[in-house]
Each structure stands twice: as structure tokens, then as C-alpha cells.
Amino acid sequence: PCTDSEFIRRATVDITGLLPTEAETQGFLTSTDPNNRAALIDTLLSRKEFSEIWAMKWADLLMIKSKNEVSYKAAYLYYNWLINQIASNVPIDKVVRDLLTATGGTFQSPATNFYQVETDRLKLSENVAQVFMGIRTQCAQCHNHPFDRWTMDDYYGFAAFFSQVGRKQSEDYRQILVFNAFGGEVNHPVGGAVVKPKFLGGTVPDTNGKDRRAVLADWITSNENPYFAKSIANRIWAHFTGVGVVDPVDDFRASNPASNPELLDALAAKMVEYKYDIKQLVRDICNSQTYQRTTIPVPGNEQDLRNYSHAMVRRIPAENLLDCISQVTLTKEKFRGLPLGARAVQIADGATSNYFLTTFGRSARTTVCAEEATTDPSLSQALHLINGSAGSGKINQG
């Protein structure tokens, strides 16, 4: 197992995105409570920073940023809707259903921005499959998938669920109204026949007179869908261990099997048992022996990167790293739309950045790919920490 000091540092950064304070560290290390690690985890889970760090992760996947189709106000309201869902501990399956069935104005009903971030129905269907089920269907658009089960029929059948999404401008020219148009079809590129909506790997449902999005949302978040619970649980597991049971986390395919199928099944079963309350699964993971293993390998497992025999050394993500540096140097950052002293993890708009965040791999939110935000090291990062504003500049300022 890892030492107490290593555990409190790792858990605090992973759960809140900040470093433990001196008071937190001393209180933990001097505690005689045999369950002090579990108590620390519960304390960290109750902090608002837990909601902020997960809102940031989901905002990356949902590509929340201002652009021609999405105003800054719309992006800001969309992000605040998301963080309120997580702060209120709304089950993640309900969040997904609300996103997929969102109707109304992009200001009054911020979840409708889900349909403004991406307006192309084919790309929209690809994004839904990748974000909420970990399935990459892109290769099946113009030919059957070469490495997986998905065919062109599957691809266009899934896209048909989004063929009736309507959009029009409201009285406020900055706001778009999203609604179910009850009309519109997808045609197969080979032959031009109308393709009926079909669940990925499933059946053709009855959608006559129904909002196709609602039919799809009910299926995606149901136990009939073998991918949803596994995909969500796998993303949470990867956040705390550094590598998914299926890795990359958004590439569930036959030629990329889980490194430990039994573990993935157990995580998904817990997700369902907890009714998609992510806090409960986070609590289980952080209390597990796997999470509490040291980063120091023993002879024989030095090269192990998939079986969790020891913890992986991981660099802190860009936003959290900047917040940690500001925390220890007692300095404040200023980001567009936020007051002086706001933390980088609180940035709502993906189009807002600075040199540090860009250099250290913050997600540009241009795709739903989980690997868009990187922690790869570079010479620019090293130089910036040695003699740039993030190092000497903050020390002098603080």
C-alpha cells in the first residue's frame, strides 16, 4: 500500500483537483481513527470541487465552447446547467436522457445546446455513440467497419434517430429553438432507401408518432443496452487509475477487449446498483486496495501498464496543475467571464484559454475524443515552469 502522505495527496488531487492543505494533511496523519482513509474520501466527496472537476470532464466531452453556432451566453448557460446537475448529484443516466430529449430555447433550456454544438445529424449520431457508449462508428459511414461488428446499415439506422431534430431562430436572434419536427428521414447512400431508426446491436423500435430522441434515450440508459453502464464506469475508473479497463475509454470494439472483463462487469453492475450515482462508485474505487497501491513497483511488475499491480505515475491535467501552482504560490488568475481568483477548472467556455493551459494540453473541445486533453510532456512545458510566468512569475507575484 501507499504511505498515508502519498494517499492523501493522490486522493485530494484526483477528487478535488487541488493539493491537500497543511491542516488537512496534519489532521489525517495524526488521526487514530482506523477508518481515516475512508473518512478523508467522504470529506473530499462532499466538497464543491468534486462537482467542478467532473463538470469540466463532461464539458470537454460535450465540446462546450462558444463559436458561430453557440454564443458565449449559450455556452455559459450550458456549462452552468451541467455543473448544477452534478452538484445536485443528479444520476448520470438522467443527465443523458435530459440532453438527448432537450427541447426549447438555448437560453431558457440550456441542455438544448447539445444540438447546437453539433448540427450535422451524422456527426451527432457518432458523438452520441462515442460519448455515451464508448463506440466509434465513424468507420462504418462509407463501408462496413473493418475491425468491429458495425455495418453501414447500423450506422445509418442509428443516425435516423436524429433525422427529425428541428431548429429555428427565436425572437432573440442570439437564441435557437430546438424541437422535434416529426418529419425527416435518413437515406442509405447505397440505393437511397429510407433507413428506419435502429439501436446499435439491437432492434428496430416503433417510433411512429413518437419523438425518436426519447425512444433512443430510453434505450441507451436501459439495461437492454450492454454498453452504457460499462462506458460510464470505465471512464470513472480510468480517471482514478490512469488507464481504463477498456483503453482508450471510448473505443469499445471486438479488437480492443477489456484487460479484465470481470472487473468491467463488476464496475458496471455497481453503476446500475447505485442507480448511476457516480459518487458511490468513486467512493468504492478510492477505498479499494487497487487505488491504494503505491507507485513504487516490485520486481516483476515494473512494466505492467494494464493490470493495476501498482499505481501509475500521472501528471496532473492542465487546469488542475495551474490551480495547484496558484494554490501553493498564493496567486490569482483572471479568465474571461470569471472574477479575479477563479480557478481554471471553473472555466465554462472551451474557447477561453491562456498560454499555460494550451501548452499543458487542455482540451480544445473540438472533438468528443477522450484523448483530446493530453498530459504528454514537452520541452515547452519544462521551460515554462523553469523561467516562465507559471514558475518564477508566480513565485515573484505571490
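The coordinates are above.
Predicted, not measured: the structure shown is a model, and the values here were computed from it.

Rules and cut-offs
- Residues numbered from 1 in each chain as written.
- Predicted model: local features only at pLDDT ≥ 70, side-chain atom pairs only at ≥ 80, totals over all residues.
- Heavy atoms only, no water.
- Helix = DSSP H or I, 4+ residues; strand = E, 2+ residues; numbered from the N terminus.
- Rg over C-alpha atoms; globule rule 2.2 N^0.38 Å.
- Contact = heavy atoms within 4.5 Å.
- Lys, Arg positive; Asp, Glu negative; His and termini not counted.
- Charge placed at Lys NZ, Arg CZ, Asp CG, Glu CD.
- Pairing = 2+ DSSP bridges.
- Core = buried A, V, L, I, M, F, W, Y, C linked by side-chain atoms within 4.5 Å.
- Buried < 20%, exposed > 50% of the residue type's maximum accessible area, 1.4 Å probe, protein only.
- 1 Å grid on protein atoms, 1.4 Å probe; cavity = no way out; pocket = protein on both sides within 12 Å on 5 of 7 lines; lining within 4 Å.
- Points joined across faces, edges and corners; volume = space filled by probe spheres on them.
- Nonpolar A, V, L, I, M, F, W, Y, C, P; charged D, E, K, R; others polar.
- Polar contact = N/O pair within 3.5 Å; in protein donor to acceptor, adjacent residues only side chain to side chain.
- Phe/Tyr/Trp six-rings, centres within 6.5 Å; stacked < 30°, edge-to-face > 60°.
- Lys NZ or Arg CZ within 6 Å of the ring centre and 35° of its normal.
- Expected span 1.5 Å × (residues − 1).

All right, on to the overall build of the protein then. Summing up its helical and strand segments, the protein has 17 helices and five strands in all. Computed over its C-alpha atoms, the radius of gyration of the protein comes to 22 Å, within 12% of the 21 Å expected for a compact globule of 398 residues. Seen along its three principal axes, the alpha-carbon backbone of the protein occupies a region of about 70 × 50 × 40 Å. Considering only contacts in the protein between residues 6 or more positions apart, those separated by 24 or more positions represent 63%. Positive and negative charge centroids in the protein, built from 41 and 43 side chains respectively, lie 4 Å apart.

This paragraph deals with the sheet that holds strand S2 (residues 165-169). Within the open sheet, the three strands sit side by side as S1-S3-S2. Their pairing is antiparallel. With partners counted over all chains shown, the strands left at the sheet margins are strand S1 (104-105) and S2, one partner each. Relative to strand S3 (residues 176-180), S2 is paired through five bridges, and the arrangement is antiparallel. Of the residues in S3, the one forming a bridge with Lys168 is Leu177.

On to the nonpolar core. Side chains that are nonpolar tend, in soluble globular proteins, to be buried together. Ranked by size, the top nonpolar core spans 98 residues in total, and within it Trp58, Leu100, Phe114, Phe132, Phe162 and Ile236 carry the most contacts. Non-local contacts of Phe162, meaning those with residues more than four positions away in its chain, are made with Leu100, Tyr115, Arg121, Leu124, Ser125, Val128 and Leu216. Among the nonpolar cores identified, the runner-up in size contains 13 residues, and Leu322, Ile325, Ile347 and Phe356 belong to it.

This part takes up the layout of surface pockets. A probe as big as a water molecule, rolled over the atoms, marks out the empty space that is left. Put simply, the largest pocket is a space of about 1400 Å³. Looking at the lining of the largest pocket, the elements that each hand over two or more residues are helix H1 (4-16), helix H4 (48-61), helix H11 (228-241) and helix H14 (318-329). Element by element, the count of residues in the lining of the largest pocket is highest for H4, at seven residues. Its residues assigned to classes, the lining of the largest pocket shows 23 nonpolar, eight polar and 15 charged.

The subject of this paragraph is the environment of Thr294. Relative to the assigned elements, Thr294 resides in the loop between helix H13 (278-287) and H14. The exposure class assigned to Thr294 is buried, which follows from its relative accessible area of 18%. Counting along the chain gives 17 residues from Thr294 to Ala311, while the straight-line C-alpha distance between them is 5.5 Å. Here Thr294 is in contact with Pro1, Cys2, Glu6, Arg10, His310 and Ala311, once residues within four sequence places are set aside. A distance of 3.2 Å separates a polar atom in the side chain of Thr294 from the backbone nitrogen of Ile296.

Evaluated as defined, the whole model comprises 16 aromatic pairs. Plain terms: the ring middles of Phe7 and Phe28 are 6.3 Å apart, the flat faces sit at 25° to each other, and that makes the pair stacked. Remark: Phe28 occurs in helix H2 (residues 22-30) and Phe7 occurs in helix H1; sequence separation between them is 21 residues. Per residue, the accessibility class of Phe7 equals that of Phe28, and both read buried. An aromatic cluster of at least three residues, connected via ring pairs, comprises Phe158, Phe161, Phe162, Phe199 and Trp219. The ring centre of Trp54 lies 5.5 Å from the NZ or CZ of Lys57, which sits over that ring.

Our focus in this paragraph is H11. In this model H11 runs 20 Å from its N-terminal to its C-terminal C-alpha over 14 residues, within 8% of the 20 Å that 1.5 Å per residue would give. Within H11, 13 of the 14 residues are buried, leaving the element largely enclosed by the surrounding structure.

Quick look at the side chain of Asn180 now. Within the secondary structure, Asn180 sits in strand S3. The buried category is assigned to Asn180, whose relative accessible area is 14%. When residues no more than four places from it in sequence are discounted, the contact partners of Asn180 are Gln164, Lys210, Asp211 and Arg213.

Note that Ala59 resides in helix H4. Sequence separation between Ala59 and Ala348 is 289 residues, and the spatial gap between their C-alpha atoms is 8.0 Å. Setting aside its immediate chain neighbours within four residues, Ala59 contacts Ile64, Tyr79, Leu82 and Arg365.

Function cannot be inferred from these measures alone, as they are strictly geometric.
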